[in-house]
Amino acid sequence: MALNRDFVGRAYTAPAPYEVSRVKIKEFAAAIGDTNPIYSDRDAAAAAGHPDVIAPPTFPIVFSLAGADEALSDPEFGLNFAMVVHGEQRFEYQRPIYAGDQLICTSTITEIRSVGRNEFLTVRSDVSTPEGELVCRTYNTIVERGGAA
Amino acid sequence: MAATVKYDEVTAGQEIPAVEYPVHRVNLVMYAGASGDFNPIHWNERFAKSVGLPDVIAHGMFTMAQGGRFVTDWAGDPAAVVDYGVRFSSMVVVPDDDNGAVITVSGVIEEKLEDKRVVVVLTARSGDSRVLSKARAVVQLS
């Protein structure tokens, strides 16, 4: 089933700020196999000049689609998660993410296109502090295999 | 907070030696838990095959994270990565055996930008497949 194009341009803000914790950064670093102590040890991070443990570059994937989940799981949208694979991903940083950050994520469905039998869906997420400082912007393109057939 | 690599000491075209990152099923289970992506194609062989995949495949983001490790380890500071993007061009198939899979990442400094930044282009392979394409990081050097 084709994805519902009416959703293009819709923006969704996660219901609550995401609170970045040292424990979550440590867990994420362990899961990607990265033993750099800068991700798990506050003293090691401080020694490298950071205010607290820093998040690995791909960490925002943990929370950046939380707002868009509402749209992506809407039956009206027509997305079959069983057929979804990841197409493209990008992170643009204004500054690093640290433990203790409160981050508000607004996700916008920017594009839906058919390529052959597949549907390509792109979501842009703007990640900001509650004070409105843009921290990073992420671009996530997922592919629904067979969705355009 | 600064990269250990100095801008003045690198040249365009310079290669960054390859690093091999092993992947076993347990890594995908850990990644599912840490990332919150519990799509069963990443841990359930029966389900993966039922939707036409050859076997369980790694999360694309797991593969991207290995490319991220490669860049942050080279630069010497995670904060040095100011932009990182990839296209997932092929799947990393992770069999349920003692060997699992291996993701091999290498890089080339493609371009020196202003403000002591460089563009690093990554190549990531698993088996005979190139698993990332258009993999590119902008790195702030010292």
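Residues numbered from 1 in each chain as written. Chains lettered and ligands numbered in written order. Predicted model: local features only at pLDDT ≥ 70, side-chain atom pairs only at ≥ 80, totals over all residues. Heavy atoms only, no water.

1. Considerations on empty space enclosed by the protein
- Under the defined criterion, the tally for this structure stands at 2 cavities of 30 Å³ or more.
- As a volume, the largest cavity reaches approximately 30 Å³.
- Every residue along the wall of the largest cavity is listed here: Ile32, Asp34, Tyr39, Pro56, Pro57 and Thr58 of chain A together with Ala65, Gly68 and Arg69 of chain B.
- Grouping the constituent residues of the lining of the largest cavity by class yields 5 nonpolar, 2 polar and 2 charged.
- As for the second largest cavity, its lining consists of Leu65, Leu72, Leu121, Val123, Asn140 and Ile142 of chain A.
- Mapped onto the lining of the second largest cavity, the elements with two or more residues apiece are β5 (118–128) and β6 (134–144) of chain A.
- Residue composition of the lining of the second largest cavity, grouped by class: 5 nonpolar, 1 polar and no charged. (1 Å grid on protein atoms, 1.4 Å probe; cavity = no way out; pocket = protein on both sides within 12 Å on 5 of 7 lines; lining within 4 Å. Points joined across faces, edges and corners; volume = space filled by probe spheres on them. Nonpolar A, V, L, I, M, F, W, Y, C, P; charged D, E, K, R; others polar. Helix = DSSP H or I, 4+ residues; strand = E, 2+ residues; numbered from the N terminus.)

2. Examining the packing of aromatic side chains
- Tallied over the full model, the rule gives 7 aromatic pairs over all chains.
- When the ring of Tyr31 of chain B is compared with that of Phe62 of chain B, the centres are 5.9 Å apart and the planes differ by 85 degrees; the resulting orientation is edge-to-face. One end of the pair, Tyr31 of chain B, is in helix α1 (residues 25–35); the other, Phe62 of chain B, is in helix α3 (residues 60–75), and 31 residues separate them in sequence. Comparing Tyr31 of chain B with Phe62 of chain B, the two get one shared label, buried.
- Aromatic ring contacts, followed pair by pair, group Tyr18, Phe28, Phe59 and Phe63 of chain A together with Tyr31 and Phe62 of chain B into a single cluster.
- The residue whose ring lies beneath Lys112 of chain B is Tyr7 of chain B, and the NZ or CZ to ring-centre distance is 4.3 Å. (Phe/Tyr/Trp six-rings, centres within 6.5 Å; stacked < 30°, edge-to-face > 60°. Buried < 20%, exposed > 50% of the residue type's maximum accessible area, 1.4 Å probe, protein only. Lys NZ or Arg CZ within 6 Å of the ring centre and 35° of its normal.)

3. Topic: the interface of chain A and chain B
- Taken together, the contact pairs 34 residues of chain A with 31 residues of chain B.
- Both faces considered, chain A and chain B share a buried interface measuring about 2700 Å² in area, 58% of it formed by carbon and sulfur atoms.
- Area buried by chain A at its contact with chain B is led by Ala31, Ile32 and Pro57 of chain A, which between them contribute 18% of it.
- Arg87 of chain B serves as the salt-bridge partner of Glu88 of chain A, at 3.2 Å between the closest nitrogen and oxygen. (Contact = heavy atoms within 4.5 Å. Buried area = accessible area lost by both parts, 1.4 Å probe. Salt bridge = Lys/Arg side-chain N within 4 Å of Asp/Glu carboxyl O.)

4. Examining unusual backbone geometry
All names here are of chain B.
- For Asp115, which is not a glycine, the phi torsion comes out positive at approximately 60 degrees.
- Among the secondary structure elements, Asp115 is positioned in the loop between β3 (101–112) and β4 (117–126).
- A relative accessible area of 64% means that Asp115 is categorised as exposed.
- A positive phi angle, near 50 degrees, is found at Lys134, a position not held by glycine.
- Relative to the helices and strands, Lys134 is located in strand β5 (residues 129–140).
- For Lys134, a relative accessible area of 62% corresponds to the exposed category.

5. Examining the confidence of the model for chain B
- On average, chain B scores 97 in pLDDT, and the residues at 70 or more come to 99%.
- Overall fold confidence (pTM) sits at 0.96, and the ipTM for the predicted complex is 0.97. (pLDDT = per-residue confidence, 0-100.)

6. Let's talk about helix α1 (residues 22–31) of chain A
- Within α1 of chain A the residues assigned to the buried category are Lys24, Ile25, Phe28, Ala29 and Ala31 of chain A. An end-on view of α1 of chain A places all buried positions within 160 degrees of arc, on one side of the element.
- In the core, the buried residues of α1 of chain A are packed alongside β2 (18–19) of chain A together with α1 and α3 of chain B.
- Immediately beyond the C-terminal end of α1 of chain A, within one or two residues, lies Gly33 of chain A, with a positive phi of roughly 80 degrees. (Arc of directions from axis to C-beta.)

7. Describing the nonpolar core
- Within the largest apolar cluster, 68 residues are counted, with the highest numbers of intra-cluster contacts made by Ile97 of chain A together with Trp74, Val118, Val139 and Leu141 of chain B.
- Per-element tally for this core: the top contributor is α3 of chain B, with 8 residues.
- For Trp74 of chain B, the residues in contact, after removing those within four places along its chain, are Thr4, Val5, Val10, Ile16, Ile109, Val118, Val120, Val139 and Leu141 of chain B. (Core = buried A, V, L, I, M, F, W, Y, C linked by side-chain atoms within 4.5 Å.)

8. Quick word on the pattern of salt bridges
- Scanning the model with the defined rule gives 15 salt bridges over all chains in all.
- Connected through salt bridges with shared partners, the residues Arg25, Glu45, Lys49 and Asp55 of chain B form a single ionic network.

9. Observations regarding the environment of Ala124 of chain B
Residues and elements named next belong to chain B.
- With respect to the element layout, Ala124 can be found in strand β4.
- Each C-alpha atom of the pair Ala124 and Met64 lies 9.0 Å from the other, and the pair is 60 residues apart in sequence.
- Once residues within four sequence positions are removed from consideration, Ala124 is found in contact with Ile103, Thr104, Val105, Ser129, Arg130, Val131 and Leu132.

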